[in-house]
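# Structure assessment
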Amino acid sequence: MIFAGVTEATWDSLVLESSSPVLVEFWAPWCGPCRMIHPLKDKLAKQYAGKLNCYKVNTDESPSIATKYGIRSIPTVMIFKNGEKKDAIVGAVPESTLTTSIEKFL
Amino acid sequence: MATKLGFSITNPRFVPASFRKPIISVSASPSLPSSASGVQSIHFNSRKLSIKRRLLFFSPRASTDQQGQVQGDEVVDSNVLPYCSLDKKQKKSLGEMEQEFLQALQAFYYEGKSIMSNEEFDNLKEELMWEGSSVVMLSADEQRFLEASMAYVSGNPIMSDKEYDELKLKLKMDASEIVVEGPRCSLRSRKVYSDLSVDYLKMFLINVPAAVVALGLFFFLDDLTGFEITYLLELPEPFGFIFTWFAALPLILWLSFTFTNTIVKDFLILSGPCPNCGTENTSFFGTILSISSGGSTNNVKCSNCGTEMVYDSSTRLITLPEGSEA
Ligand SMILES: [Zn+2]
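Residues numbered from 1 in each chain as written. Chains lettered and ligands numbered in written order. Predicted model: local features only at pLDDT ≥ 70, side-chain atom pairs only at ≥ 80, totals over all residues. Heavy atoms only, no water.

Per an unreviewed UniProt entry, chain B carries the name PGR5 1A, chloroplastic and comes from Olea europaea subsp. europaea.

For chain A, the name recorded in an unreviewed UniProt entry is Thioredoxin, with Olea europaea subsp. europaea as its organism. Taken directly from UniProt, the Sequence similarities (unreviewed entry) text for chain A runs: "Belongs to the thioredoxin family." (UniProt positions renumbered as here; feature names shortened; annotations may be inferred.)

Quick look at the sheet that holds strand 5 (residues 76–81) of chain A now. All names here are of chain A. Strand order in this open sheet of five strands is 1-3-2-5-6, and the pairing throughout is mixed. Both outer strands of the open sheet, strand 1 (4–5) and strand 6 (84–90), are each paired with one neighbouring strand and no more. Relative to the sheet, helix 1 (residues 8–16) contacts strand 2 (22–27), strand 3 (53–58) and strand 5, its axis offset from that of strand 2 by approximately 145°. In this fold helix 5 (residues 95–104) packs onto strand 2, strand 5 and strand 6, with an angle of close to 170° to the strand it touches most, strand 6. (Pairing = 2+ DSSP bridges. Helix = DSSP H or I, 4+ residues; strand = E, 2+ residues; numbered from the N terminus. Contact = heavy atoms within 4.5 Å. Axes fitted to C-alpha atoms, helices over the stretch in contact; angles between N-to-C directions.)

This part takes up the packing of aromatic side chains. Residue and element names in this part refer to chain A. In this structure the tally under the stated criterion is six aromatic pairs over all chains. Measuring from centroid to centroid gives 6.3 Å for Trp11 and Phe26, while their planes differ by 45°, and the two rings are tilted. Residue Trp11 is located in helix 1, and its partner Phe26 is located in strand 2; the two are separated by 15 residues in the primary sequence. On the accessibility criterion, Trp11 (3% relative accessible area) is buried. (Phe/Tyr/Trp six-rings, centres within 6.5 Å; stacked < 30°, edge-to-face > 60°. Buried < 20%, exposed > 50% of the residue type's maximum accessible area, 1.4 Å probe, protein only.)

This part is about the coordination of the zinc ion. Residue and element names in this part refer to chain B. For the zinc ion, the protein coordination sphere consists of Cys274 (SG), Cys277 (SG), Cys302 (SG) and Cys305 (SG), at 2.2 to 2.3 Å. One way to put it: the four donor atoms around the zinc ion meet at angles of 107 to 111°, and that makes the site tetrahedral. Every donor residue of the zinc ion comes from the same chain, spaced as C-x2-C-x24-C-x2-C. (Donors = N, O, S within 2.8 Å, 3.2 Å for Na, K, Ca; no water. Tetrahedral: all angles 85-135°; square planar, octahedral: opposite > 155°, others 65-115°.)

Turning to the packing of helix 3 (residues 38–47) of chain A against helix 5 of chain A, a few remarks are in order. Residue and element names in this part refer to chain A. One way to put it is that helix 3 packs onto helix 5 with a least axis distance of 11 Å and a crossing angle of 35°. Crossing geometry of helix 3 relative to helix 5 is assigned as right-handed. Together, Leu40, Lys43, Leu44 and Gln47 of helix 3 and Glu95, Leu98, Thr99 and Ile102 of helix 5 make up the contact between the two elements. For the contact of helix 3 with helix 5, the residue count by class is four nonpolar, two polar and two charged. (Left-handed = near helix turned anticlockwise from the far one by under 90°. Nonpolar A, V, L, I, M, F, W, Y, C, P; charged D, E, K, R; others polar.)

Bringing the UniProt feature "transmembrane region" (unreviewed entry) in chain B into the picture now. Residues annotated in UniProt with the feature "transmembrane region" (unreviewed entry) correspond here to residues 200–221 and 241–260 of chain B. For residues 200–221 of chain B, the helix share is 91%, the strand share is 0%, and the end-to-end C-alpha distance is 32 Å.

Glancing now at the interface of chain B and chain A. Every contact between the two is made by 25 residues of chain B and, on the other side, 26 residues of chain A. Linking chain B with chain A are five salt bridges, by the criterion used here. As a salt-bridge pair, Glu98(B) and Lys104(A) come within 3.0 Å of each other at their nearest N and O atoms. Elements supplying a minimum of two residues to the side of chain B that touches chain A: helix 7 (94–110), helix 9 (140–153), helix 10 (161–173) and strand 1 (184–186) of chain B. With five residues, helix 7 of chain B is the largest single contributor of residues to the side of chain B that touches chain A. Of the residues in the side of chain B that touches chain A, the class split is 12 nonpolar, seven polar and six charged. Bridging between strand 4 (residues 73–74) of chain A and strand 1 of chain B involves two bridges; their strand directions are antiparallel. Within strand 1 of chain B, the residue paired with Ser73(A) across the bridge is Ser186(B). (Salt bridge = Lys/Arg side-chain N within 4 Å of Asp/Glu carboxyl O.)

Now for empty space enclosed by the protein. Residues and elements named next belong to chain B. A complete count under the given rule lists one cavity of 30 Å³ or more for this structure. Here the largest cavity is characterised by a volume of approximately 50 Å³. Contributions of two or more residues to the lining of the largest cavity are made by helix 9 and helix 10. Of the residues in the lining of the largest cavity, the class split is six nonpolar, one polar and one charged. (1 Å grid on protein atoms, 1.4 Å probe; cavity = no way out; pocket = protein on both sides within 12 Å on 5 of 7 lines; lining within 4 Å. Points joined across faces, edges and corners; volume = space filled by probe spheres on them.)

The next point concerns the confidence of the model for chain A. Averaged over every residue, the pLDDT of chain A is 86; the share at 70 or more is 97%. Between the elements of chain A, mean pLDDT differs from a low of 81, seen in strand 1 of chain A, to a high of 92, seen in strand 2 of chain A. (pLDDT = per-residue confidence, 0-100.)

Attention now moves to helix 10 of chain B. Residue and element names in this part refer to chain B. Counted at 1.5 Å a residue, the expected span for helix 10 with its 13 residues is 18 Å, and the 18 Å between its end C-alpha atoms agrees. Buried within helix 10 we find Tyr164, Leu167, Lys168, Leu171 and Lys172. Along the axis of helix 10, the buried residues cluster in a sector spanning 140°; they form a single face. The first or second residue beyond helix 10 is Ala175, which carries a positive phi of 60°. (Expected span 1.5 Å × (residues − 1). Arc of directions from axis to C-beta.)

Formed by 39 residues in total, the largest nonpolar core has its most connected members in Trp11(A), Val15(A), Val24(A), Phe26(A), Ile74(A), Phe80(A) and Met309(B). Mapped by element, the contributors of at least two residues to this core are helix 1, strand 2, strand 3, helix 4 (63–68) and strand 5 of chain A together with helix 11 (200–205), strand 4 (264–273) and strand 8 (308–312) of chain B. If one sorts the elements of this core by residue count, strand 4 of chain B sits on top with five residues. Every residue in contact with Met309(B), bar those within four places of it in the chain, is listed here: Cys274(B), Pro275(B), Asn281(B), Asn298(B), Asn299(B), Val300(B), Lys301(B), Cys302(B), Ile318(B), Thr319(B), Leu320(B) and Pro321(B). One finds Ile37(A), Leu40(A), Ile79(A) and Ala92(A) within the second-largest nonpolar core, a separate group that totals 16 residues. (Core = buried A, V, L, I, M, F, W, Y, C linked by side-chain atoms within 4.5 Å.)

Residue and element names in this part refer to chain B. For chain B, the average pLDDT comes to 68, and 60% of its residues sit at 70 or higher. Mean pLDDT in chain B bottoms out at helix 2 (residues 17–28), which sits at 34, and peaks at strand 8, which reaches 92. Note on residues 1–89: pLDDT under 50 across the span, and 87 contacts to partners over four residues away in sequence or across chains. With pTM at 0.62, the complex prediction returns an ipTM value of 0.86.

Quick look at the side chain of Arg184(B) now. Along the chain, Arg184(B) turns up in strand 1. Polar side-chain contacts of Arg184(B) include one of 3.2 Å to the side chain of Asp195(B). Setting aside residues up to four positions removed in sequence, Arg184(B) forms contacts with Pro33(A), Ser73(A), Ile74(A), Pro75(A), Val90(A), Gly91(A), Lys191(B), Val192(B), Tyr193(B), Ser194(B), Asp195(B) and Leu317(B). (Polar contact = N/O pair within 3.5 Å; in protein donor to acceptor, adjacent residues only side chain to side chain.)

Given below as structure tokens:
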């Protein structure tokens, strides 16, 4: 699995203290639209390997992270750089929408 | 007749979003008081040249600052990006500049203070236009929405949830691209939502059958009567041709649009992606011969995976019926 999971315990070290931009996907096993973008994320993680770290957060297991960043719907993809939240994309969007947002911060 | 025809064709329902958007954005693009955005875009090219000149002017200083004993490649590098090395900062990515731009707008509108000088703001705006950023082209409502989204995440909301949702719905009705979200689940209610948008092409095509019938009838009658309709006014040849194409045809098209509108009232064709498989499905809203298609909601079955969906034209949302699993 290319997409490693992040929990409350590892959030700071993996996401906020990362030296390269980080993409985080918030998801839950009961969410249908989340499944739609699974193959897409794996593809993106390969495409931007080395430039972008990709993680996923299970909102059932780590609800406090979702609350902290004001997430109301999943899937939500967030891009972090230097520990700051830079962009958020809500919903199962087409690949081009995701790549445009990623390119902006690389 | 001519004005009526013009009206029915420029009726906003038939104008695709892509045509409307630039019109809104040009007229409503806000800017700090000193910078008139209209003037700026006219002088866009010359201003860019002046930036380049400034870069050249700064470059000797930058290289003496940084050069030291380093020679060769290093010197070339500092000449390439003298503007950035002066700032002692890394070149900002497009996204970061957009964020800064919106923060400056937000500070100005909601806190009444400037977080950067007018000159800095103008430079940032120019840079964004040069990079082809869409943020500087947004309408006032769109910028307000982006600011509100940012403020919400940072924990200092600038409007209530209700105002936020109303603004979002308004932008959705205006076919703004910035509020488009993919199919998603609400974390709180666990309900599935998907956005609906107006299918302008299909709304146009619904007028076609009546137009075809009317046109067929016109040429049929014309033929049957030995082209008497076109010769009705006994016009000399070039004028007869002009009459057919510039008066008779527009009249027929206008009549068929009107005819369609009396049969199908206040109609709206909405399309949106299925929350399960992403296939676009369309649904018709309106009244056919004064029989309503069922109020503001329609039940739609996905053509690809068969998922039952509920289309709501007032909220422009697709939901799944109660009790079903996504
Ligand atoms: Zn489907």
